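Structural features, examined
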Amino acid sequence: MLSSSSLYSNPYPQFPPLHFCLPNPLSNVFLFTSTRIPIPTVAFAELRPHNPTEKPSTAVSDHIHPEARKHNSKSASLLNHYLSSGESPNPQNPEPPLPEDERVKLLELSLVRKRAPQFPGSIYVQSPSDFGVGSSLPPLQSLFRNGGDEFCAEDDRKMIRRALEIRRKVTSEIFKEAMRKGKFGITYTNNLLGWLSEFVDFVMIQAASMKQSPEFSHLSFNVRAKTVIEDSNVVPLIRWLKHNSLSYPQIGKLICMSKGKLESIRRLVEWLKGIHVKGGYLGLTLTKAGVNILERSNEELDEIVDYLESNGVRMVWMGFVMSRCPYLLSYSMEELKTRVEFFLNMGMNDKDFGTMVFDFPKVLGQYTFEDMNQKVNYLKEFGLDNEDVGKLLAYKPQLMNCSIEDKWKPLVKYFYYLGISKDGLKRMLTIKPVVFCLDLETIIVPKVKFFKDVGVRDDGISNMLVKFPSLLTFSLYKKIRPVVIFLMTKAGVREKDVGKVIALGPELFGYSIVHKLEVNLKYFLSLGIYTRNLGEMITDFPMLLRYNIDILRPKYQYLRRTMVRPLQDLIDFPRFFSYSLEGRIIPRHQVLVENRININLRSMLACTDEEFKNKVADIVERRQRFESGNIDGSLSIPHTTNYSINSSGLDDFSSENKE
């Protein structure tokens, strides 16, 4: 901005001072077009209509008429004359360059879309309504030094970058105006414009290239930029994409990815909707598929979908698969077939392959072949063959998302430290492969430490994890701790026995406290069993809380009504509920009744059929000897202890002998 004092000073000391004078009809000698390129012009007085009654001026020729005076018109016209012609009035004393801030100001005045009014007395016309708005500014060439040294070249580059920034701002304002006409809000327009930097540059380049066309050569840059935006139909496209649930970052990325071919965006969105891609995933699928997705035809994409459908991926799943793994849309058919055959060669059928892709679509398109081969070979080191790995991946394809160095090797090393063998790891991997996807530091280590704190020994932890690896997938604070508290407070398990209960029955953590454990607890309490006795029963046989009440009730009724056993027998041997009523309890009880034998429940049930027959035969034989009076020590203490003969049975035998 020129100060008021500079208006009265002489910026070029080689010239005589410029003074205010009467209006001069030759004040404005040169005019500039909207592009600020200096062109030969005629005198301003020649542009006025001829008036024969007007008296000619004595200072000029007869055909030039005086014009209305303009402030500093003489000094401005003289300055413009030398700046436009490139001549120096004094070659021996070259004129000093303008300051950088002054050149930046002139550059902004030459390129901005709207000119701001200036203070009275400014030598530059600022109002767009003034006729001399172009002639009052120096040409753009005068703002560059065009020197041969490196300093001048760098200074010119800075001015060019500044000019480009101004042009971008002007183009952005034109785009905002188009958005306002399209009934978009200011906030949405500004947010969207932050993602459209490449599109703004595209519009700016297209508008500049239109200058070479005779049809648009006479138009200003603003008009040409507005024409480019209107011809691209970008505003209606933005409205349509917004209606299809695309966010403004996704819309901005797609418009920039299209490189001016905006019609391809609408075509691909319609195609994705045809394969059941939901509205919220349309933008995500297009932006993540790759830069070449907008260049692919519908026929190429249909070929990909048909091939996947022929290998077990149902059409109703296709939208879900493509939205979770958009990379599939960017692969060629050769690469896609190679990836599909990689899994089919491991023994998968079409059904397993289709469900695997639906369960974890990234397994097919996100990883490199080298990465997939390394993970498959590492899984084979646990003793799995090629088909076992195929079944494992079909059941849990998320294993492909795990890193060997960062996740699997530290996890395996920790399991070895706990005492789990290679066969145990194979069992864990086969039963619950998701264990190998868990984080070691945040999930597994805190749970193992908790088990140690409640009294589970190291060998018990290893056996527990191998027996029930799903335990590691349960939440420590929402599942494991509440079950332990339930056992200690409501189930009557002593604190020193909690570790034993957990080690013997880790499956208890897989059941709901409210819907399962408390229901079984109330049933046993309803039988007349005290909480202290129930805690001892659970310590001896933790799986007591797992059984269904509909299975427990018939066994208890048979024990009390048919076998006529006391409740204490059930307290002493809670594993009674683990045996089949029809397959073991009833047949063996009938054998005992037929042979008039009464033994405890443990000796009756906790043996094989062959051992039970031998046991019954031995008891019958000893009874016959006793009845015949041939007492030769067959009823010695060791035999009584081994077969656990009830003392009441001996009394019966003795009473019969006396009779």
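Here the structure is a predicted model, which is why all the values come from computation and not from measurement.

1. Details of the overall build of the protein chain
- Tallying secondary structure elements over the protein chain gives 32 helices and zero strands in all.
- Counting over 659 residues, the protein chain shows a buried share of 44%.
- Intrachain contacts of the protein chain at a sequence separation of at least 6 include 70% that bridge at least 24 residues.
- Accessible surface, the protein chain: about 34800 Å² in total, of which carbon and sulfur atoms supply 53%.

2. A closer look at the environment of Glu-536
- Along the chain, Glu-536 falls in helix 25 (residues 531-540).
- Sequence separation between Glu-536 and Ile-571 is 35 residues; the distance between their C-alpha atoms is 8.2 Å.

3. Here we look at the packing of helix 22 (residues 476-489) against helix 24 (residues 513-526)
- Running from N to C, helix 22 and helix 24 cross one another at 15°; their axes reach a closest spacing of 12 Å. The angle between helix 22 and helix 24 places the two elements in the roughly parallel class. For helix 22 against helix 24, the interelement crossing comes out right-handed. Contacts between helix 22 and helix 24 involve Pro-482, Val-483 and Phe-486 from the first element and Ile-513, Leu-517, Glu-518 and Leu-521 from the second.
- By residue class, the composition of the contact of helix 22 with helix 24 is six nonpolar, no polar and one charged.

4. Quick notes on the nonpolar core
- Core analysis: the biggest nonpolar cluster contains 171 residues, and Ile-238, Leu-308, Phe-343, Phe-415 and Phe-436 have the highest contact counts within it.
- A per-element tally of this core places helix 18 (residues 404-418) first, with seven residues.
- Apart from the residues within four sequence positions on either side, Phe-415 is in contact with Ile-420, Leu-425, Met-428, Val-435, Ile-444 and Leu-472.

5. Considerations on unusual backbone geometry
- One non-glycine residue with positive phi stands out, namely Ser-245, at about 70°.
- Relative to the helices and strands, Ser-245 is located in the loop between helix 7 (234-243) and helix 8 (248-258).
- Although it is not a glycine, Val-564 adopts a positive phi angle of roughly 55°.
- Checked against the element boundaries, Val-564 lands in the loop between helix 26 (549-562) and helix 27 (567-572).
- By relative accessible area, which is 62% here, Val-564 ends up exposed.

6. Focus: a negative patch on the surface
- A cluster of acidic residues, Glu-299, Asp-302, Glu-303, Asp-306, Glu-309 and Glu-334, forms a negative patch at the surface.
- One can find Glu-309 in helix 11 (residues 298-310).

Cut-offs and rules
Residues numbered from 1 in each chain as written. Predicted model: local features only at pLDDT ≥ 70, side-chain atom pairs only at ≥ 80, totals over all residues. Heavy atoms only, no water. Helix = DSSP H or I, 4+ residues; strand = E, 2+ residues; numbered from the N terminus. Buried < 20%, exposed > 50% of the residue type's maximum accessible area, 1.4 Å probe, protein only. Contact = heavy atoms within 4.5 Å. Areas by Shrake-Rupley, 256 points an atom, 1.4 Å probe, with all protein chains shown as cover. Axes fitted to C-alpha atoms, helices over the stretch in contact; angles between N-to-C directions. Parallel < 35°, antiparallel > 145°, perpendicular 65-115°, else oblique. Left-handed = near helix turned anticlockwise from the far one by under 90°. Nonpolar A, V, L, I, M, F, W, Y, C, P; charged D, E, K, R; others polar. Core = buried A, V, L, I, M, F, W, Y, C linked by side-chain atoms within 4.5 Å. Patch = residues over 30% accessible without salt bridge, like charges linked within 9 Å, V, L, I, M, F, W, Y side chains within 5 Å. Salt bridge = Lys/Arg side-chain N within 4 Å of Asp/Glu carboxyl O. Lys, Arg positive; Asp, Glu negative; His and termini not counted. Charge placed at Lys NZ, Arg CZ, Asp CG, Glu CD.

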